[in-house]
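# Structure assessment
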Amino acid sequence: MKLGLRAKLFLLSLGLIVTSAVAAYTYLRGALERSLVEDVRSDLRVRARLVAREAGDVTLDGPARWQQLALDLGKRAEARVTFIRADGTVFGDSEVALSDLPSMENHRDRPEVLTALAGGEGVSERYSATIRQRMLYVAAPFHRDGKLAGVARVALSLSRVDAAVADLRRLALIAALLAIGVAVVLSSAAAPLAWREARSLTDAARRMAAGDLATRTRSEGQDELGELGRALDQLAEGLSSTLSELRAERDRVSGILTGMQEGVLLVDRNGRVALVNPALREMLLLPPDAQGKTPLEVIRHAELKSLLDETTEHDEARQREIEVAGLRPRRLLVRAVPLAGGQGGTLAVFVDLTDTRRLESLRRDFVANVSHELRTPVTAIRSAAETLDSALDRDPGAARQFLEIIDRNAARLHGLVEDLLDLSRIDSQKYQLAFEAIDLNDFIDHALAMFRERATKKGITLGYASDSDLPPAFADPKALDHVVVNLIDNAVKYCPNGSTVRVHAKKGADSVRITVADDGPGIEERHLPRLFERFYRVDAGRSRELGGTGLGLSIVKNLVEAMGGSVGVESKAGSGTEFFFSLKTQMPELPERSAPNATNEDSGSRQS
Ligand code: ADP
């Protein structure tokens, strides 16, 4: 049963009161009784002695006289007076009728009578069946003529003592009841006093438990409750500083995990995902509710699972490259380390090697492409030179032809090397762009003029049109020349005789769009996405024949992008091709240019 403070205080005082009342009553009752009985006894002794002396002086004889004497003395002594002979028979009693005396019991065995008969003064206390009361008897012998004549006994009821004891009991009861009343009042008044402080401590402790560690009890009392309050304050203080240290630590760790480029996966010792950092989530497109699941459920990769299992099994770091299929196929290097310390579990760090591996493969392809492109003209030059040697004397006409072959292939080599050098310069950022506002009408007219003769020879019509209020474009003149010339050159090169090539400059919101369109053979759609890759050619044989290197469009793309623009193509087999690129009409904010390498995205795959 749950008792309130008030009830406890009350029960405590009730116990104290009852115990002390009972103890006091028991002690006082004994003392009072003893003292009263003692008083009665000594009083009776005196009376007994007086009665005995009177009886000894009496000379009369006969039962009626003794009875009369007993009555007289009884009246005077205010007590029951009894005369007993030496043989124990009663021959006078103030409280018994004369006629009843003979039927009275022999009194010789009464203890006080025995003592008196032996010559002493007998005292006895007992319940009298005759008068039905607790009595005190005192007996004294009396003599006549020097001889023991009998015993005079005086008896007094102890009802006075009993009444006094009853009074005492009543008083004790009243006192106890009064004390209980006071206890009720006091406990009701004292409980709230103690209760208020305990209550405020309880409230503060509850708030602390609920997480409000800024709460303080601010107890000042010197008693136990005050001490408890101060202990609670210290506890909250300690907890709050530990908590803020932990929070700072947690924020630091989470900052590191969030900032990391590498993916981090923490698996607890039960084999459940405990933590996934944003990089890994992004890398593997993980769901947000990965926590608590098994790595296999989340990542679905048997190899990764076996790597984690092996790490746990052998309790040592393991590393493996894994390939993840799906929406975004990735190649990842995973290093799994068993976590030492209390918690256990496994930590796996994922490094995304997708780009590295792709760049490696692009680099390999690029080297293979360059070697291949170089080998063809070099082989042609060597075999022509060998044949030339023997043809010089025998057939000077043929010798000239071989010289032409050598010259043409040397020119092709030169073109290739030039293009490669251009690409390498753009890649290595040595190609410093000097931007200026360029009047495109003049610029394009000038570029087209260079192709007039070649175009006329092939019966190709060159045309240029532009918006009337065309703003100047911000570009590097050399780079722009490279771009425009390359696109017109391609058009003239790949279009059959009698075609039309039109250049058009159009105004945009903050840019100018330049289009080079022809009505030549067009390009099949499947080639379009890769057209700007290095060494990508639709028809390698024809391109070579026409002196192409397969690098032209890739250089165009690099240069346009370096100038802050973009490039594209629209074409259909059989119905002409349209290349277009944009230039800014204000000084462009240039994107970060990629680090020097020969294997940009547009490096292309191997072409034969
Ligand atoms: P190339 O040195 O071979 O011309 P480019 O990178 O300039 O290399 O062009 C890539 C390929 O795109 C060419 O081989 C050619 O097949 C195709 N191509 C480029 N321009 C045109 C065009 N105007 N019409 C048809 N095909 C073209």
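Placed above this text is the structure.
Reading the values: the criteria
- Residues numbered from 1 in each chain as written.
- Predicted model: local features only at pLDDT ≥ 70, side-chain atom pairs only at ≥ 80, totals over all residues.
- Heavy atoms only, no water.
- Helix = DSSP H or I, 4+ residues; strand = E, 2+ residues; numbered from the N terminus.
- Rg over C-alpha atoms; globule rule 2.2 N^0.38 Å.
- Buried < 20%, exposed > 50% of the residue type's maximum accessible area, 1.4 Å probe, protein only.
- Contact = heavy atoms within 4.5 Å.
- Areas by Shrake-Rupley, 256 points an atom, 1.4 Å probe, with all protein chains shown as cover.
- Lys, Arg positive; Asp, Glu negative; His and termini not counted.
- Charge placed at Lys NZ, Arg CZ, Asp CG, Glu CD.
- Phe/Tyr/Trp six-rings, centres within 6.5 Å; stacked < 30°, edge-to-face > 60°.
- Lys NZ or Arg CZ within 6 Å of the ring centre and 35° of its normal.
- Expected span 1.5 Å × (residues − 1).
- Salt bridge = Lys/Arg side-chain N within 4 Å of Asp/Glu carboxyl O.
- Near = heavy atom within 4 Å.
- Polar contact = N/O pair within 3.5 Å; in protein donor to acceptor, adjacent residues only side chain to side chain.
- Pairing = 2+ DSSP bridges.
- Axes fitted to C-alpha atoms, helices over the stretch in contact; angles between N-to-C directions.

This part covers the overall build of the protein. Along the backbone of the protein there are 14 helices and 17 strands. For 608 residues, the compact-globule formula gives about 25 Å, and the C-alpha radius of gyration of the protein, at 66 Å, lies well above that figure. The buried share of the protein, taken over its 608 residues, is 39%. Counting only contacts in the protein whose residues sit at least 6 apart along the sequence, the fraction spanning at least 24 positions is 59%. When the accessible surface of the protein is totalled, it reaches about 34,500 Å², and 54% of it is carbon and sulfur. Looking at the protein, you have 81 positive and 86 negative side-chain charges, and the mean spots of the two groups are 8 Å apart.

Along the chain, Thr-311 turns up in helix α8 (residues 302–314). For Thr-311, a relative accessible area of 0% translates into the label buried. Beyond its immediate sequence surroundings of up to four residues, Thr-311 is in contact with Glu-316, Arg-318, Ala-336, Val-337, Pro-338 and Thr-346.

The next point concerns the packing of aromatic side chains. Each aromatic ring pair is described using two quantities: the centre-to-centre distance and the angle formed by the ring planes. Considering all chains together, one arrives at seven aromatic pairs under this definition. For the ring pair Phe-366 and Phe-535, a centre distance of 5.7 Å and an interplane angle of 50° mean the geometry is tilted. Of this pair, Phe-366 sits in helix α9 (residues 354–394) while Phe-535 sits in the loop between β15 (511–518) and α13 (540–545); the two residues are 169 residues apart in sequence, bridging distant segments of the chain. Its relative accessible area of 0% is what places Phe-535 among the buried residues. Clustering of aromatic rings is evident, with ring pairs tying together Trp-66, Phe-83, Phe-91 and Phe-142. Across from the ring centre of Tyr-137, 4.2 Å away, lies the NZ or CZ of Arg-126, which sits over that ring. The ring of Phe-580 has Arg-513 sitting right over it, with the charged end atom 4.1 Å from the ring centre.

Attention shifts here to helix α10 (residues 396–427). Under the 1.5 Å per step criterion, the end-to-end length of α10 is 46 Å for 32 residues, consistent within 8% with the ideal 46 Å. Gln-429 sits one or two positions beyond α10 and adopts a positive phi of about 60°.

So, on to unusual backbone geometry. Of note, Asp-145 is a non-glycine position whose phi angle comes to about 50°, a positive value. For Asp-145, the position within the fold is in the loop between β4 (133–144) and β5 (147–157). Asp-145 sits in the exposed class, given a relative accessible area of 76%. The residue Arg-300 is not glycine, and still its phi comes out positive at about 55°. When you line up the elements, Arg-300 lands in the loop between α7 (295–299) and α8.

Turning next to the pattern of salt bridges. Counted by the stated rule, this structure contains 36 salt bridges. Across the salt bridge formed by Glu-310 and Arg-320, the nearest N and O atoms sit 3.0 Å from each other. Placement of Glu-310 in helix α8 and of Arg-320 in strand β8 (residues 318–324) is noted, with a sequence separation of 10 residues between them. Under the relative-accessibility criterion, Glu-310 is labelled partly exposed at 23%. Look at Arg-320 and you get partly exposed, because its relative accessible area is 24%. One salt-bridge network, held together by shared partners, links Arg-29, Glu-33, Glu-125, Arg-134 and Asp-162.

Take the site of the ligand next. Around the ligand sit 19 residues in total, of which Tyr-494, Ser-543, Thr-549, Gly-550 and Leu-553 are the nearest. Within the side chain of Asn-490, a nitrogen or oxygen atom sits 2.9 Å from an oxygen atom of the ligand. With respect to the ligand, the backbone of Thr-549 contributes an N or O atom lying 2.7 Å from an oxygen atom. Protein coverage of the free-state accessible area of the ligand, which is 540 Å², stands at 96%. Among the secondary structure elements, those contributing two or more residues to the shell around the ligand are α12 (477–494), α14 (552–562) and β17 (577–584). Among the elements that take part in the shell around the ligand, α12 stands out by supplying four residues, more than any other.

Here the focus is the pairing of β5. When a strand is regular, its side chains alternate between the sheet's two faces. Burial runs high along β5: eight of the 11 residues are buried. Here strand β1 (residues 80–84) pairs with β5 via five bridges, running antiparallel. Bridging from a neighbouring strand, Phe-83 pairs with Ala-152 of β5. Following β4, the chain reverses through two residues before pairing antiparallel with β5; Asp-145 in that reversal takes a positive phi of roughly 50°.

Attention shifts here to α12. End to end, α12 covers 25 Å across 18 residues, agreeing with the expected 26 Å (1.5 Å per residue, within 8%). Buried residues dominate α12, accounting for 13 of its 18 residues.

Quick look at the sheet that holds β15 now. Read from one edge to the other, the open sheet built from five strands follows the order β12-β14-β15-β17-β16, with strand pairing classed as mixed. Each edge of the sheet is formed by a strand with only one pairing partner; in this case those strands are β12 (461–466) and β16 (567–571). Ignoring which end each strand starts from, the neighbouring axes of this sheet average 15° apart. In this structure, strand β14 (residues 500–507) lies alongside β15, joined through seven bridges in antiparallel fashion. For Arg-502, the partnering residue across the bridge sits in β15 and is Ala-517. Each of β12, β14, β15 and β17 touches α12; the most contacted strand, β17, lies at about 170° to it.

It is worth spelling out the sheet that holds β5 at this point. One open sheet accounts for five strands, arranged β2-β1-β5-β4-β3; its pairing is antiparallel. Both edges of this open sheet fall to β2 (90–93) and β3 (122–128), since each of them pairs with a single strand only. Shown here is a sheet whose adjacent strand axes are inclined to one another by a mean of 25°, direction ignored. Sheet strands touched by helix α2 (residues 63–77): β1, β2 and β4. Its angle to β2, the strand with the most contacts, is close to 40°.

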